[in-house]
Amino acid sequence: MRKSRLLALILLAGTACARGQDFRFSIYRPHEIEKKAEDLADYLGTILGAGLIHSAEVQRTGDLQVGMRVISVFVPARYSEVSAGPLRDEEFFWFPLLHASIGLPGRLEILVRGTPLTMGHRPARGTVWILGGGLKIGVLQEPWSPHLSVAATYHCLAVPPAFEIGDAAVVSLRLAASLGSGPVSFYGTLGPDWCRLPVEIPRTGHGEYAQGWTHSYDRLGFVGALGVALRPIRFLVANLEYAAAKFSGFNAGITFGFR
């Protein structure tokens, strides 16, 4: 009963995190769309792939971890202090994200993440779904040495019809290293995020977009993160990291382990 209530509160928190991104593209001239779409793709690539790993150690077979990540980014002035743009007046953004993973044989671990989130300016405002999953592979997992692993994930941002974009996709790769497995450990991650963002302006019947506009934009970015993980008791891990990218920020998490 308590677990179901906790899950409901987390989902409610995610839905309540309304922000002011502008997903309208028909307000721009055709030659302006590419730059605005690339800015939004860089932003989505950063936030969807954030906070993936808090340790390079791969769980033992059958071990389960569930918890929540809090993702945050600072929006640089060149994106927010503009007369028009998808991130206008957006200086800081954060949201919670449910996270779970389970250990498999062969030094493998499956990752699953997701949350609902309210985003956008009116009238283009609605609830999106962030859904993702991936695989973590242990490269070096000996108890006498630092741990090393690699991870690959896919995330989808499912959007409502009111947005003038289609569902965005992000593929992330990470190389992770961590040191320590006791009460305190340190970790670092590095890797690219590739985002595909479709712009889908519906037919207006008149003007420049009388026949509509559909085009996909691809963007590639890199992120590096350094963090610390605290394990006050055996089944609880809390972590905090700073991630440097085009949209840098702090990510935090709390994870409960089950065996």
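Rules used in this analysis
- Residues numbered from 1 in each chain as written.
- Predicted model: local features only at pLDDT ≥ 70, side-chain atom pairs only at ≥ 80, totals over all residues.
- Heavy atoms only, no water.
- Helix = DSSP H or I, 4+ residues; strand = E, 2+ residues; numbered from the N terminus.
- Rg over C-alpha atoms; globule rule 2.2 N^0.38 Å.
- Buried < 20%, exposed > 50% of the residue type's maximum accessible area, 1.4 Å probe, protein only.
- Contact = heavy atoms within 4.5 Å.
- Areas by Shrake-Rupley, 256 points an atom, 1.4 Å probe, with all protein chains shown as cover.
- Lys, Arg positive; Asp, Glu negative; His and termini not counted.
- Charge placed at Lys NZ, Arg CZ, Asp CG, Glu CD.
- Core = buried A, V, L, I, M, F, W, Y, C linked by side-chain atoms within 4.5 Å.
- 1 Å grid on protein atoms, 1.4 Å probe; cavity = no way out; pocket = protein on both sides within 12 Å on 5 of 7 lines; lining within 4 Å.
- Points joined across faces, edges and corners; volume = space filled by probe spheres on them.
- Nonpolar A, V, L, I, M, F, W, Y, C, P; charged D, E, K, R; others polar.
- Pairing = 2+ DSSP bridges.
- Axes fitted to C-alpha atoms, helices over the stretch in contact; angles between N-to-C directions.

**Student:** Quick question: what am I supposed to make of the overall build of the protein here?
**Tutor:** Check the secondary structure of the protein and you find three helices and ten strands. Computed over the C-alpha atoms, the radius of gyration of the protein is 19 Å, within 12% of the 18 Å expected from 2.2 N^0.38 for a compact globule of 259 residues. Dimensions of the protein along its principal axes, counting C-alpha atoms only, are 65 × 40 × 30 Å. Residue burial in the protein is summarised as follows: out of 259 residues, 49% are buried. For the protein, restricting intrachain contacts to residue pairs at least 6 apart in sequence, the fraction spanning at least 24 positions comes to 61%. Accessible area of the protein: about 12600 Å², with a carbon and sulfur share of 64%. Each charge class in the protein was averaged separately, 25 positive and 21 negative side chains, and the resulting centres sit 9 Å apart.

**Student:** Any chance you could explain unusual backbone geometry here in plain terms?
**Tutor:** Across the chain, the bulk of peptide bonds are trans and the bulk of non-glycine residues have phi less than zero. The backbone of D89 sits at a positive phi, close to 65 degrees, despite the residue not being glycine. Along the chain, D89 falls in the loop between α3 (77-80) and β2 (92-104). Judged by relative accessible area, D89 falls into the exposed class, the value being 60%. Unlike most non-glycine residues, R107 shows phi in positive territory, near 55 degrees. Topologically, R107 is positioned in the loop between β2 and β3 (108-119).

**Student:** Please explain the nonpolar core as it appears in this structure.
**Tutor:** The nonpolar side chains of a soluble globular protein tend to be buried, and buried together. Within the largest apolar cluster, 38 residues are counted, with the highest numbers of intra-cluster contacts made by F25, Y43 and L44. Among the secondary structure elements, those contributing two or more residues to this core are α2 (30-48), β1 (64-74), β2, β3, β4 (126-140), β6 (168-179) and β7 (184-201). In terms of residue count, α2 provides more of this core than any other element does, eight residues in total. Excluding its chain neighbours within four sequence positions, the residues that come into contact with Y43 are Q21, V73, V75, L87, E90, F93 and F247.

**Student:** For this particular structure, what's the right way to read the layout of surface pockets?
**Tutor:** Where empty space is left becomes clear once a probe the size of a water molecule has been rolled over the atoms. The computed volume of the largest pocket comes to approximately 680 Å³. Looking at the largest pocket, it is lined by 34 residues, and the ones nearest its centre are E57, Q59, Q65, R231 and R259. Listed by contribution, the elements that provide at least two residues to the lining of the largest pocket are β1, β2, β3, β8 (213-233), β9 (236-244) and β10 (249-258). Per-class residue counts for the lining of the largest pocket are eleven nonpolar, 14 polar and nine charged.

**Student:** Mind showing me how you'd approach the sheet that holds β6 here?
**Tutor:** Sheets are built from strands that pair by backbone hydrogen bonding, the pairs being arranged parallel or antiparallel. Sheet architecture is closed into a barrel: ten strands sit in the order β1-β2-β3-β4-β5-β6-β7-β8-β9-β10, paired in antiparallel fashion. Averaged over all pairs of adjacent strands, the angle between strand axes in this sheet comes to 20 degrees, irrespective of strand direction. One ladder, built from eight bridges, connects β1 with β10; its direction is antiparallel. Across the sheet, the residue bridging to G67 is T255, located in β10. Against the sheet, α2 makes contact with β1, β2, β3, β4, β5 (147-158), β6, β7 and β8, and its axis sits at roughly 150 degrees relative to β7, the strand it touches most.

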